Amino acid sequence: MTEITRIAIDTSKSVFTLHGTDADGRAVLRRNLRRQDMVPFFARRPPMEVVLEACGGSHHWGRVLAGLGHTVRLIPPQYVKPFVKRGKNDRNDAEAISEAAARPEMREVAVKSADQQANAMLLSVRELLVRQRTQLVNALRGHAAEFGHVGRLGRQGVAKLLADVAEDADLPTPAKDALALLGAEIGRLDARLAEVDARLVAQHKQTPTSKMLAEVPGIGPIGALSLVLRVDFSQFKSGRYFASWLGLTPREHSTGGKTRLGGISRAGDERLRQLLVLGATAVIRQAKPGKASAWLIALLARRPRKLAAVALANKMARIVWAMMTSGEAYRQPATA
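Residues numbered from 1 in each chain as written. Predicted model: local features only at pLDDT ≥ 70, side-chain atom pairs only at ≥ 80, totals over all residues. Heavy atoms only, no water.

1. Topic: the overall build of the protein chain
1) Next: Helix and strand counts for the protein chain come out as 13 helices and 7 strands.
2) Next: For 336 residues, the compact-globule estimate of 2.2 N^0.38 gives 20 Å, and the C-alpha radius of gyration of the protein chain, at 25 Å, exceeds that figure by more than 25%.
3) Next: A principal-axis box enclosing the C-alpha atoms of the protein chain has dimensions of 80 × 60 × 50 Å.
4) Next: When burial is assessed residue by residue, the protein chain has 37% of its 336 residues classed as buried.
5) Next: Intrachain contacts of the protein chain at a sequence separation of at least 6 include 52% that bridge at least 24 residues.
6) Next: Taken as a whole, the protein chain presents about 19,500 Å² of accessible surface, with 53% of it coming from carbon and sulfur.
7) Next: Across the protein chain, the centroid of the 51 positively charged side chains sits 6 Å from that of the 31 negatively charged ones. (Helix = DSSP H or I, 4+ residues; strand = E, 2+ residues; numbered from the N terminus. Rg over C-alpha atoms; globule rule 2.2 N^0.38 Å. Buried < 20%, exposed > 50% of the residue type's maximum accessible area, 1.4 Å probe, protein only. Contact = heavy atoms within 4.5 Å. Areas by Shrake-Rupley, 256 points an atom, 1.4 Å probe, with all protein chains shown as cover. Lys, Arg positive; Asp, Glu negative; His and termini not counted. Charge placed at Lys NZ, Arg CZ, Asp CG, Glu CD.)

This is the structure:
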């Protein structure tokens, strides 16, 4: 019987597609497994390399399969896609995962522990609540505008808009009730978000590395905690690799010896990139000679503010990598 050295798995909710190869890379196993058959199947197998596409559920299976003695590798989906042949189906996906794993310099994602995923889950819940609140506020503004009520931006604008709607005697009752319902839902989410923020701030204060990162201008408690809980900094060779992973470096489209650089690539974790850019924008808003660094003042003198914000976010990412890998505290640069 041919010995299987690697099994690639295309995961799903209930059916898992396996693609096994021998030492020469030839396919010797193609089959589907139900979810409940996964553990018994791999428990009977000798230790081997098991490869999955990186996603939230793959970390769970990585822990389970590693506990059975197998070597587990997680590969980012964007690195698997180029190996998919013709039409997309489960078998082609599993084969593509196996082909990607065979590349000698293929990048991988570290398997997260259950505690790592659990600690970062509250951050994801907060993002969901913020998106829901934004949707409700937009719906409230849009419907209120249908009757001539336009509110200012910000929380005070929402409160004033709801007050104006409630006092409008000419507004039909069904519309007034619907807008009041939206206002009640916004208030409920505000209360939930306040609770979540309080828990995250408490977690931030109990995490030394998060408190250390919060010393960097533009990085607050949520941003610092997100960086600590979501990123394994040991997988990056340098701060430039980390900034590139975040998508804060130019997208390259060079050919024929001609270098062409475009906008940022927007690869990697979208939320982390957003937090860094928003933090950089806040720093730029307060940047003045004598308070901001000479580098930032010179950059603002020759580049638009939005472009400068991305450049500053890139620099912040490299500073964060240096602090997390060396354990060194943030040093304030010389001001202009």
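2. Observations regarding the UniProt feature "domain: Transposase IS116/IS110/IS902 C-terminal" (unreviewed entry) in the protein chain
1) Next: The feature "domain: Transposase IS116/IS110/IS902 C-terminal" (unreviewed entry), as annotated in UniProt, sits at residues 211-288 in this numbering.
2) Next: Annotation note: span residues 211-288, helix share 46%, strand share 9%, distance between end C-alpha atoms 26 Å. (UniProt positions renumbered as here; feature names shortened; annotations may be inferred.)

3. Notes on unusual backbone geometry
1) Next: One non-glycine residue with positive phi stands out, namely Arg-86, at about 50°.
2) Next: With a phi angle near 55°, Arg-266 is a residue other than glycine that sits in the positive phi range.
3) Next: Relative to the assigned elements, Arg-266 resides in the loop between β7 (261-264) and α11 (270-285).

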